[in-house]
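# Descriptive analysis of the structure
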Amino acid sequence: MASQKPVLYSYFRSSCSWRVRIVLAHKGIEYDYRPINLLKKEQVGDEFKKLNPMGQVPALVIGDKTLTQSLSIMEYLEEVYPQNPLLPKDPILKAKVREVCEVICSGIQPLQNFSVLQRVGEEKKMEWGHFFINRGFIALEELLSGCSGKYCVGDEVTLADCCLVPQVYNANRFKVDLSQFPIISGVHQALSGLNSVTASHPSAQPDCPPDLK
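Remember, it's a predicted structure, so these values are computed and weren't measured experimentally. (Residues numbered from 1 in each chain as written. Predicted model: local features only at pLDDT ≥ 70, side-chain atom pairs only at ≥ 80, totals over all residues. Heavy atoms only, no water.)

### A closer look at the UniProt feature "domain: GST C-terminal" (unreviewed entry) in the protein chain
This is how the line gets drawn: UniProt positions are given in the numbering used here, feature names are shortened, and annotations may be inferred rather than shown by experiment. Here a helix means four or more residues in a row that DSSP labels H or I, a strand means two or more in a row labelled E, and each is numbered from the N terminus.
UniProt annotation of "domain: GST C-terminal" (unreviewed entry) refers to residues 90-210 when read in the numbering used here. Helix makes up 63% of residues 90-210 and strand 0%. Its end C-alpha atoms lie 44 Å apart.

Now the structure itself:
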């Protein structure tokens, strides 16, 4: 197990950061929180770009090493902190977990991420975000029909669930009709009451504005 307390560079409403926060909470890992304000463009400032040249959150610093990209960080935490595992032992189920993660993290979220929406513009960003999340959820719902139980893959919480929760939050922000997606909605409802989800929720973060708590 890592001996040094990790430092997480995060933005309260970043879904990529939230995925990592869920993993940290699920495994009971203590860490220091360093807020990066995306609205003030701190992520593209010279200081932060020394940590992540892509100018994106999250970044996790462990001693003199820095990890970026949420899935890479989550896999690292799973390997180094084996308590409360988030990957099944069965190779097929493990691959299914990673498949769901990739659908969300590569196929849905990047298309409605903060930097993309800035390029799309204020007038069209709601329509844009709604379209791509809805399109992705149609595929995700079908995928989950073959592997879900109480949660995304079977009846144990996995990395896939850590990715799903923030994406449903985004779906609500972009007014996607979740009644179309009973499996996604059911899994999300089962996850919503978990301590790891409530503790990592955007409204519980130190950089969340008072009017959003």
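Following the structure, the description resumes.
### Quick notes on the pattern of salt bridges
Our working rule: The term salt bridge refers to a side-chain nitrogen of Lys or Arg lying within 4 Å of a carboxyl oxygen of Asp or Glu. Burial here depends on accessible area, computed with a 1.4 Å probe over protein chains only, as a share of the maximum for the residue type. Under 20% is buried, over 50% is exposed, and the range in between is partly exposed.
Applying the stated criterion to the full structure yields 6 salt bridges. When the shortest N-O distance is used, the salt bridge between Asp-32 and Lys-5 registers 3.5 Å. Remark: Lys-5 occurs in the segment before β1 (7-10) and Asp-32 occurs in strand β2 (residues 32-35); sequence separation between them is 27 residues. Judged by its relative accessible area of 30%, Asp-32 falls in the partly exposed class. Owing to a relative accessible area of 45%, Lys-5 belongs among the partly exposed residues under this scheme. Here Lys-50 makes a salt bridge to Glu-47, at a shortest N to O gap of 3.6 Å. Across the pair, exposure class does not vary: Lys-50 and Glu-47 are exposed alike.

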